[in-house]
Amino acid sequence: MADLARTISPSITPEPLIEGPDDDLTLTDSVFAPVWKPTAKGWWFLFMICLGGTGMLFSAIGWTVYKGIGVWGNNIPVAWAFGIINFVWWIGIGHAGTLISAILLLFQQKWRTSINRFSEAMTLFAVICAALYPVVHTGRPWFAAYWLFPYPSTLGIWPQFRSPLTWDVFAVSTYFTTSLLFWYLGLLPDLAALRDRSTGKWSQRLYGIFSLGWRGAGRHWRDYMSAYTLLAGVATPLVVSVHTIVSFDFATAQLPGWHTTIFPPYFVAGAVFSGFAMVVTLIVPAREFLGLKNVITLRHLEAMNKVILATGWIVAYGYAVEIFNDWYSGSRYELGHLHEKMLGPFAPFFWMQMFCNVVVPQIFWKRSLRRSLLVMWIASIFVNIGMWLERFNIIVISLHRDFIPGSWAAYAPTIIDVSLFVGTICFFGMNFLLFLRFVPSVAANEVKELAHEMRHTHV
Amino acid sequence: MLLLLLYKRTPLATLQHEPVTQPIEFDHRHHVADDGIDCRYCHNTVETSSSAGYPATSVCMNCHAQIWNQSPYLDLVRKSYFTGQAIEWKKVHRLPDFVYFNHSIHVAKGVGCVTCHGRVDEMAEIHQGPDMQMSWCLDCHRNPKPNIRPRQYITAMIDPAPGQGTFETHFSESGSNTSQSPTTMNDVHSRTSCTTCHR
């Protein structure tokens, strides 16, 4: 097939997924190099910033718990503000990992190989950040477990199973568990390789413990492959279900701006959109500094930008349907909401959202821009901002002016809100830096397998 | 985990049936069963207030000024009476601070003393009758009927017609002169809103 394509038109032949020498030793060395090398100064610099931010995060959580939820900017009617905006934003970011690891695996998309572990790790850390918010938002996090999880308690009551908020608990905890297992299972062969090649006593021991006795026997590989495919099967519906349920938190309410059936697909597309943008934001500098350019090539980045462009259009379609339905309903409240959204006090945020999520991704129609590192990095940051603004607009614009003008109120975040948000970004960054430092961020075993396949089949 | 779930249901955690030693050897058996004193003689705010009330020492002295007035058992009662220093009775049925509870409404609706406090007339040393779990409260709040009695029997420790079921069935089936069941008479409804108890 590839040969045929090459004869017809040389220009449509895909570039190789691995550049440079592709023997096993070189690949292993290049993938493991960031783990072997002594800790770089830049790493320490970033780590210290993120550590400081993490300290700020936990101070802000401590202050919230000590003083109560009143230190946030939330009010009535805007009872869901930064807490839920950031929850949805983070959980959305997580979706790229599951999509890349599960769906692209089942579709046998070879280009997932170099970036799957990276994005799975991103998923894990993003879900941790996301889960923090609703738990702190309860005001008494130490009670949250018994409020949220159904267990045979002596209270004689259960959580409200008809509420999407309860479904959320299951969706997010299933999502986290599956993502963790998937990521860890994929790591096993590489952890074993690290164990075998470490020289330090402690690194041998620790990698030894975490590799769970992996010896690379044929039977191990057979079980590993079936477990990996099974987990991919389990994870696949989660790509769709988690954000669908998150969207139900809004769509099942009657509030203008929330009460709409387009929410589930539009939330899922938005999640993948923001997730891929975050992968690009992280991977562009990471491949540069970790020297992984031979395995994470421009072809990978270009493919991700195409996904951003495609999901960006689904999101744009969602915006269009929302606006159309507001108008078509003829409901004065829906129309009022539309008016508030486009011309109200938060209108600049709406137009900024449109610019970031609808206009900016269009640059990826052009091949040279799709392949420019600087352009894609900046565009991906725009998309991240745009998707945050989308959640801000959905929550704050809908809530701050609902049916009765008497219950309208303005909203502004407090310094604690901002500290929590910046804090989770730093916490996420800290986890990610630790991941880059101690674990191979590209799956060496899968890359080597791909290299073998390429040698024999010209993938 | 399972053990924890189990532990929370045992008297070790609920303190059910755990005798509470009071400063004076007060025997409910004697006062309720032998003497036939109505609960409300001592716990006299039960119909009007959230608390059933501990009796003032003067209430004890209504009788004990005349009988057992030399008994060393009652030294503390006399001391309290003459000094004006209250006897420090120990609380037996303890609810958390976040639970709103009012005795008067329960009595007015026909929940008998024995329903929640058990057979006090058989307790030498007072103890907590029910397990006091939230599910125990809710059992009755969801379906009050079996536990509602006519108000004139509020302090009765046993049914007026033993072996004939609850007051509800007794009244509806025996064709007694009142045609209404106690639930209807007392206008009793299920109350399960969170804010009924958590205000």
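Going by the structure above, here's the rest.
Calculation rules
Residues numbered from 1 in each chain as written. Chains lettered and ligands numbered in written order. Predicted model: local features only at pLDDT ≥ 70, side-chain atom pairs only at ≥ 80, totals over all residues. Helix = DSSP H or I, 4+ residues; strand = E, 2+ residues; numbered from the N terminus. Buried ≥ 20, exposed ≤ 12 C-beta atoms within 10 Å, placed from the backbone. Contact = placed C-beta atoms within 7 Å. Rg over C-alpha atoms; globule rule 2.2 N^0.38 Å. Axes fitted to C-alpha atoms, helices over the stretch in contact; angles between N-to-C directions. Parallel < 35°, antiparallel > 145°, perpendicular 65-115°, else oblique. Nonpolar A, V, L, I, M, F, W, Y, C, P; charged D, E, K, R; others polar. Core = buried A, V, L, I, M, F, W, Y, C linked by C-beta atoms within 7 Å. Expected span 1.5 Å × (residues − 1). Bend = angle between axes of the 7 residues up to and from the residue. Left-handed = near helix turned anticlockwise from the far one by under 90°.

Undergrad: Help me understand the overall build of chain B in this model?
TA: Summing up its helical and strand segments, chain B has 12 helices and zero strands in all. Its helices and strands taken in sequence order, chain B reads α-α-α-α-α-α-α-α-α-α-α-α from the N to the C terminus. Burial statistics for chain B: of 199 residues in total, 17% are counted as buried. Taking as baseline every contact in chain B between residues at least 6 positions apart, the subset at least 24 positions apart corresponds to 67%.

Undergrad: Please explain the overall build of chain A as it appears in this structure.
TA: Assigned secondary structure in chain A consists of 17 helices and zero strands. For 459 residues, the compact-globule formula gives about 23 Å, and the C-alpha radius of gyration of chain A, at 23 Å, lands near that figure. The burial tally for chain A puts 42% of its 459 residues in the buried class. Considering only contacts in chain A between residues 6 or more positions apart, those separated by 24 or more positions represent 81%.

Undergrad: How should the interface of chain B and chain A be read in this particular structure?
TA: Put simply, an interface is often sized by how much accessible area is lost when its parts join up. Taken together, the contact pairs eight residues of chain B with five residues of chain A. Among the elements that line the side of chain B that touches chain A, the one with the most residues is helix α9 (residues 134-142) of chain B, at four residues.

Undergrad: Honestly, the packing of helix α4 (residues 82-106) of chain A against helix α10 (residues 263-290) of chain A in this entry has me stumped. Any pointers?
TA: Working note: a packed helix pair is described by the angle between its axes plus the distance between those axes. All names here are of chain A. It is at 6 Å that the axes of α4 and α10 come closest, and there the two elements cross at 80 degrees. Considering the angle they form, α4 stands roughly perpendicular to α10. Here Gly 92, Ile 93, Gly 94, His 95, Ala 96, Gly 97 and Leu 99 of α4 lie close against α10, whose contacting residues are Gly 270, Ala 271, Val 272, Ser 274, Gly 275, Phe 276, Met 278 and Val 279. Residue composition of the contact of α4 with α10, grouped by class: eight nonpolar, seven polar and no charged.

Undergrad: How should I be thinking about the nonpolar core in this particular structure?
TA: One recurring pattern in soluble globular proteins: nonpolar side chains tend to sit buried together. Of all hydrophobic cores here, the largest spans 121 residues; its most connected members are A:Ala130, A:Val172, A:Phe276, A:Val279 and A:Val447. With 16 residues, α10(A) is the largest single contributor of residues to this core. Sequence-distant contacts of A:Val172, that is, excluding residues within four places in its chain, are made with A:Ile91, A:Val127, A:Ala130, A:Ala131 and A:Val242. In terms of nonpolar packing, the next biggest core, distinct from the first, is built from nine residues, B:Cys39, B:Val107, B:Val111 and B:Ile154 among them.

Undergrad: Looking at this model, I keep getting lost on the environment of A:Glu340. Mind explaining?
TA: By the element assignment, A:Glu340 lies in helix α12 (residues 332-343). Counting along the chain gives 57 residues from A:Glu340 to A:Ile397, while the straight-line C-alpha distance between them is 7.1 Å.

Undergrad: Looking at this structure, I do not really get unusual backbone geometry. What am I missing?
TA: Negative phi is the rule for most residues except glycine; trans is the rule for most peptide bonds. For the bond from A:Ile76 to A:Pro77, the omega torsion is 15 degrees, close enough to zero to count as cis. Inspection of the secondary structure assignment puts A:Pro77 in the loop between α3 (41-67) and α4. Not every positive phi belongs to a glycine, and B:Leu15 is a case in point at roughly 65 degrees. You can call B:Leu15 partly exposed: it has 15 C-beta atoms within 10 Å.

Undergrad: Please explain helix α15 (residues 373-400) of chain A as it appears in this structure.
TA: It helps to recall that an α-helix has 3.6 residues per turn; residues three or four apart then point in one direction. All names here are of chain A. Taking 1.5 Å as the rise per residue, α15 with 28 residues should run 40 Å; its terminal C-alpha atoms sit 40 Å apart, in good agreement. Of all the bends found along α15, the most pronounced is centred on Asn 393 and spans about 25 degrees. With 20 of 28 residues buried, α15 lies mostly within the body of the structure.

Undergrad: Is there a simple way to explain the packing of α3(A) against helix α16 (residues 415-438) of chain A in this structure?
TA: Residue and element names in this part refer to chain A. The contact between α3 and α16 brings their axes to 7 Å, and the two run at 140 degrees. If you check the angle between α3 and α16, you find them oblique. The crossing of α3 and α16 is left-handed. Here the contact of α3 with α16 is built from residues that sort into 18 nonpolar, seven polar and one charged.

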